[in-house]
Amino acid sequence: MPSEHAHEGAREGAAPGRNGQEPRGQDTYGQGAHGQDTHGQGGHEQQGLSLELLVHGVGGTTPEEMLRDPRTERITGDTTAAVYRRTEDADAEDRPGEYRDEPVPEAYCWSNLTSGNGARALWLILLPFMVANLAHWTRPASDGRRRMVRLHGVLVRLVALSLTVLLVGAVCEVALDLIAWQCGGSQECAGGRDWLAFMAAGPDGSGGWWSRPGRRLALAAVIPAAATGLLWWLSHRTWSAYESQQPLDTTVTEDDPKANGRPALSLPGFWYGKRHVARLRAAHTAAGFLTIGAMLAAASTRYDRKPGGSTALDAFGWALEGLLLACGAWVLYVVCRRGRKDTRADNDDESLSVTALPGVALGITVLAAVHGAWSRPGWVSSQTLPGDETFGVVAVFQGALVVALGVVGVALYRDRPVERTALGGFAPAAVAMLACALGGVLSGGVAQRVGDWLDGPATPGSPDAPIAGPPTLLTWQASIIPLLLVFVLVLMGWFAFKLWRRAKALRENVNSMYPESLPDESRSRRIGGAIARAALTDEAPWLVATVAVVTLVLGGGAVLGTVLTDQVPGQAADGAGAVLNGAADTVQALGSWMVGFGFLLFLTWGRRAYRDPSARRTIGILWDVGTFWPRSAHPFAPPCYAERAVPDLAWRMAMWTDKEPTRRLVISGHSQGSVLAASAVWQLDPETRRQIALLTYGSPLERLYARWFPAYFGPAQLEALDKDVHCWSNLWRLTDPIGGPVRLQPVDGHRVDHGPLRDPVDYGRTKERPLPAPILAHGDYQADPAFDEERDGLLARLRIPREGLTGVPQQPALAGQAVAGQGGTDRAVAGQAEGAAPGRSSG
């Protein structure tokens, strides 16, 4: 995504300073930050060393590109995330006189947090978990509705738990049902495969020791158990590597008045939820093991309850099911009992649930495997594995949770409507529905592909097939994919028509933006098209909502078709007429192919990304947006890079300004980097913020984050940030599909938004630029003259801290020392911002 990286690249005309270059002109408004004289305020002489801390956007870039110099040195940090300077600036603090007219540039590079080594390409499989986690953070803003907020958190966590059960169940479907139960029980299927021949059973159940159904199932259960253990290990390992960084220690207890009215992102525990993630990790790991145990027990206990079954094994089966239910209730208790606590860093010792629950669940699963492997003469496997109705139960449960989330979201939105909130409160339900759909594609895809592979040329579910194939519901769910794709294509066609019509209407407006130039129809068409395409971002909420609603309706139809017919669509439509029968066969064949192709696409993309750094960076862009938020709903989601990046930035700003009260710092964030910069500034105490200015460009703070995450980046929170930092400028363009204005009202004559900047800078050829200027869209904001003017203006407006600055908060390891800067933390943020009221939990 070149436009993401271009803004850190080389540009014509740097700021006046050590490179001896002059700025190329002024921005559209001809003024510096907030309309002030960029050379100072009322002739006040600038004092102290200045620093510009650059934070790149999605996709990442190198420090050499950000600093526009091939020679860079790492100042602090490690190979995962670090702060860099040009080699000639490494000792800038020792030569402050040389930096009187320009700031010292530094670059914070965090791209390796999302696209570093090849193993991270495997995170693609965790995509449904990531989307479910996003649903938690899309909650509408609330005003004291603690019970509704808590209910919202519980519903999202239950959706996340159902996804774990669904995907572990899909692995069980492949290993236990398709391979061990169906293929292992069919001489025709297993006989031709050497790796399965040892467990092949004849029609009468004869064969080797492993040919008994229960023993085949017990052996195959190793595969889903290993998958569950792998998810646990990844979650634990990534937390230790990415999310274990201590935040600035400004502890605010739940009942402390300091927590009331503060934006949630300013609270010390927001970026450190060790105990909460550990609890969810234990519960989801246990749920995975219990899913395996339940499928093992379903087969053996149903056989034992038939006439002639063993009384002892039957009694043991009843006890086993009781253990499964009791441990399942424990899992639900852990998931539903409590959510995050943001008012302090969650460093408490691990509870019994964290240490014992996964082990207990694994022990019950082992008991289920031993119970099933016990000798049962005459037991043979046929058709599908008993208990395959689990997928139907999960689908109905997920649909009910999505509907409940919609009701809760709308209730919260109506109680406190926030302007421009995406979908008017339906966003959590829509995002959760997409997560369930992605989970269905992965689970159905792997089952369909393995089923097609095992039954050879036959169609799964047909009478002549050697195996019965996947559960009927999975075939119905696959069959709705062609219908959904047709609907999406029609919707995209409508958006394409709107794009064409809007681009055509914008041509005249483009000409008015460049009154000094002669109109050129081709040039105006390209610029108008860029503006029209950028505006499509604002249509995304309704596209997401429409797809989610259609998916919910079609999914409900798939469940209903399964219940009413208990046949795959092609068989269910027999005798219904040639047209309907042909359509049913077509969508079943296409759906089976598409869902399997989708699964193979995931694997192929992951394999390519493992080998190809450029493809790995593309996947990293997805994670840059999706994994900004902490793992509050699903512990198996890809790790939250902001729990490393935000403390890094906050510590860097606090430590650098603390060394000298007259120092000034501009933190300059592009795209996703602007979100990290704002989050880091929120973590600082008021005294430190007086030395810091915020410069954002191409920023999605309002356009994406305020609309989709109004409880955390809504208008009240952005207004509080503006009043808190005192010094903020935001640059944006009409051609930018990601960034936009933050839409804040001017305060004391100072405005945050500066734009729209002209893009391209020049319409045609000029003396200064004889070649046509490119349309920059989302990238290369630093090439615009407005960038240097706004940065210099911010430095001029920064307030020099008063005497008495006691330092910055210390890490918990430095216990016993005074927590510095806390004297100012009880200043309430102006306005009723979404924050932690006393005893508040984010659900």
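Note that the structure is predicted; figures quoted are calculated from it, not measured.

## Things to note about the overall build of the protein chain
The helix and strand tally for the protein chain stands at 27 helices and eight strands. Here the protein chain holds 843 residues, and 57% of them are scored as buried. Counted over contacts in the protein chain with a minimum sequence separation of 6, partners at least 24 positions apart contribute 81%. Total accessible area on the protein chain stands at roughly 33500 Å², and carbon and sulfur atoms take up 59% of it.

## Re the packing of aromatic side chains
The final tally for this structure, using the stated rule, is 28 aromatic pairs. Taking 4.9 Å as the distance between ring centres and 10° as the angle between the ring planes, the aromatic pair formed by W110 and Y641 counts as stacked. With W110 in the loop between β4 (104–109) and α3 (112–115) and Y641 in the loop between α20 (613–626) and α21 (642–658), this residue pair connects regions lying 531 residues apart in the sequence. Across the pair, Y641 and W110 agree in class, each one buried. Positioned above the aromatic ring of W318 is the side chain of R305, whose terminal nitrogen or guanidinium carbon lies 3.7 Å from the ring centre. A cation sits over an aromatic face here: R733 above Y781, 3.9 Å from the ring centre.

## Observations concerning helix α16 (residues 521–535)
Residues spaced three or four apart along an α-helix point in a common direction, a consequence of the helix completing one turn every 3.6 residues. Taking 1.5 Å per residue as the helical rise, α16 with its 15 residues ought to reach 21 Å, and the 21 Å between its terminal C-alpha atoms agrees with that figure. Inspection of α16 places R523, S524, I527, G528, G529, A530, I531, A532 and A534 among the buried residues, and these make up the whole buried set. Residues of α16 that are buried sit in contact with α15 (472–513) and α24 (701–708). Between a side-chain oxygen at the N-terminus of α16 and the backbone nitrogen of S522 the separation is 3.0 Å; the capping residue is D520.

## Thoughts on the packing of helix α8 (residues 213–220) against helix α12 (residues 352–373)
Two quantities define a packed helix pair, namely the angle between the helix axes and the distance between the axes. With their axes 7 Å apart at the nearest point, α8 and α12 run at an angle of 155° to one another. Accordingly, the angle class assigned to the pair α8 and α12 is roughly antiparallel. Contacts between α8 and α12 involve G214, R215 and A218 on the former and, on the latter, A369, G372 and A373. Residue classes in the contact of α8 with α12 are distributed as three nonpolar, two polar and one charged.

## Describing the pairing of strand β2 (residues 72–77)
Where β2 and strand β3 (residues 82–86) come together, five bridges link them in antiparallel fashion. Residue T76 lies in a different strand from β3, and its bridge partner there is V83. Counting the residues that bridge the hairpin from β2 to β3 gives four residues.

## Here we look at the sheet that holds strand β6 (residues 692–697)
Here we have eight strands laid out as an open sheet, ordered β2-β3-β4-β1-β5-β6-β7-β8, and mixed in their pairing. Either end of the sheet is taken by a strand with one partner, and the two such strands are β2 and β8 (753–757). Strand-to-strand twist of the sheet, defined as the mean angle between neighbouring strand axes without regard to direction, takes the value 20°. Across six bridges, strand β1 (residues 50–55) lies against strand β5 (residues 664–670) in parallel orientation. Bridge assignment links E52 to a residue of β5, and that residue is V666. Its contacts with the sheet place helix α26 (residues 715–725) against β6 and β7 (728–733), and it is angled at close to 130° to β7.

## A look at a nonpolar patch on the surface
On the surface, F198, W209, W210, L219 and V222 cluster together into a nonpolar patch covering about 490 Å² of accessible area. By secondary structure assignment, the location of V222 is in helix α9 (residues 222–242).

## Here's the deal with the confidence of the model for the protein chain
Here the protein chain averages 80 in pLDDT, while 80% of its residues score no lower than 70. A low-confidence stretch, residues 1–46 (pLDDT under 50), is modelled with 127 contacts involving residues beyond four sequence positions or located in other chains. Across residues 800–843 the pLDDT falls below 50, and counting only partners more than four positions away or on other chains, this stretch makes 117 contacts in the model.

## Focus on the pattern of salt bridges
For the coordinates displayed, the defined rule picks out 27 salt bridges. Where E106 meets R85, a salt bridge forms, and the shortest distance between an N and an O atom there is 2.7 Å. A residue pair is termed long-range when its members are at least 10 positions apart, and E106 in strand β4 and R85 in strand β3 qualify at 21 residues. Accessibility expressed as a relative area gives 0% for E106, which makes it buried. For R85, a relative accessible area of 1% puts it in the buried group.

## Examining the state of the cysteines
What makes a disulfide is a covalent bond joining the sulfur atoms belonging to two cysteines. Taken as a whole and assessed by the stated rule, the structure comprises one disulfide. Between the sulfur atoms of C183 and its disulfide mate C189 the distance is 1.9 Å. Between C183 and C189 the disulfide shows an S-S torsion of about -95°. By sign, it is left-handed. Residue C183 is classed as buried on the basis of its relative accessible area, which comes to 0%.

## Concerning the side chain of H754
Here H754 is to be found in strand β8. Of the residues examined, H754 reaches a relative accessible area of 0% and is grouped as buried. Only 3.4 Å separates the side chain of H754 from the side chain of E790, close enough to count as a polar contact.

## Topic: unusual backbone geometry
In this structure, P756 follows G755 across a cis peptide bond, with omega equal to 5°. Tracing the backbone shows P756 in strand β8. Put simply, D759 and P760 share a cis peptide bond, and its omega is 5°. Tracing the sequence through the fold places P760 in the loop between β8 and α27 (785–797). Backbone geometry places S671, a non-glycine residue, at a positive phi of 55°.

## Re the packing of helix α14 (residues 427–454) against helix α17 (residues 540–565)
Across the interface, α14 lies against α17 with an axial gap of 9 Å and an inter-helix angle of 55°. What the angle tells us is that α14 and α17 run oblique. In this structure, α14 meets α17 at a crossing whose hand is left-handed. For the pair α14 and α17, contact is made by A430, M433, L434 and A437 and by V544, A545, V547, A548, T551 and L552, respectively. Its residues assigned to classes, the contact of α14 with α17 shows nine nonpolar, one polar and no charged.

## With respect to the environment of I667
If you trace the backbone, I667 turns up in strand β5. Counting along the chain gives 14 residues from I667 to V681, while the straight-line C-alpha distance between them is 8.7 Å. With residues up to four places along the chain from it excluded, the contact list for I667 reads L53, V55, L649, M653, A677, V681, I692, A693, L694 and L695.

What counts and how
Every chain is numbered on its own, with residues counted from 1 as its sequence reads. Two thresholds apply to this predicted model, a pLDDT of at least 70 for residue-level local features and 80 or more for giving and counting side-chain atom pairs, whereas whole-chain, interface and lining totals are computed over all residues. Note that water and hydrogens are dropped before the side-chain values are worked out from all heavy atoms of the structure. Each helix corresponds to a stretch of at least 4 residues labelled H or I by DSSP, and each strand to a stretch of at least 2 residues labelled E; elements are numbered beginning at the N terminus. Working definition: with a 1.4 Å probe on protein chains only, accessible area under 20% of the residue-type maximum means buried, over 50% means exposed, and in between means partly exposed. The contact criterion used is simple: two residues touch if any of their non-hydrogen atoms lie within 4.5 Å. All accessibility values rest on the Shrake-Rupley procedure with a 1.4 Å probe; residue burial counts only the protein chains present in the view. Centres within 6.5 Å are what make two rings of Phe, Tyr or Trp a pair, Trp counting through its six-membered ring; a difference in plane orientation under 30 degrees is then read as stacked, over 60 as edge-to-face, and the rest as tilted. Only when the NZ atom of a Lys or the CZ atom of an Arg is both within 6 Å of the ring centre and within 35 degrees of the ring normal do we say a charge sits over the ring. A helix is expected to reach a length of 1.5 Å times the quantity of its residues less one. Any N or O atom pair separated by 3.5 Å or less is treated as a polar contact, with the protein-specific requirement of one donor-capable and one acceptor-capable atom, and with residues adjacent in sequence counted only for side-chain atom pairs. Axes here mean lines fitted to C-alpha atoms, for a helix over just the part in contact, with angles spanning 0 to 180 degrees between N-to-C directions. For classification, angles of less than 35 degrees are called roughly parallel, those exceeding 145 degrees roughly antiparallel, those between 65 and 115 degrees roughly perpendicular, and all remaining angles oblique. We call Asp, Glu, Lys and Arg charged. Ala, Val, Leu, Ile, Met, Phe, Trp, Tyr, Cys and Pro are nonpolar, and the rest, Gly among them, are polar. The criterion for strand pairing is that DSSP finds at least two bridges linking the strands in question. Exposure above 30% relative accessible area and no salt bridge define the residues that can form patches, which grow by joining like charges within 9 Å and nonpolar side chains of Val, Leu, Ile, Met, Phe, Trp and Tyr within 5 Å. Just to be clear on terms, a salt bridge is a Lys or Arg side-chain nitrogen sitting within 4 Å of an Asp or Glu carboxyl oxygen. The predictor rates its confidence in each residue with pLDDT, a number between 0 and 100. The term disulfide is used for any two cysteine sulfur atoms that are within 2.5 Å. Here is the rule for handedness: rotate from the far helix to the near one, and if that takes an anticlockwise turn smaller than a right angle the crossing is left-handed, while a clockwise turn gives right-handed.

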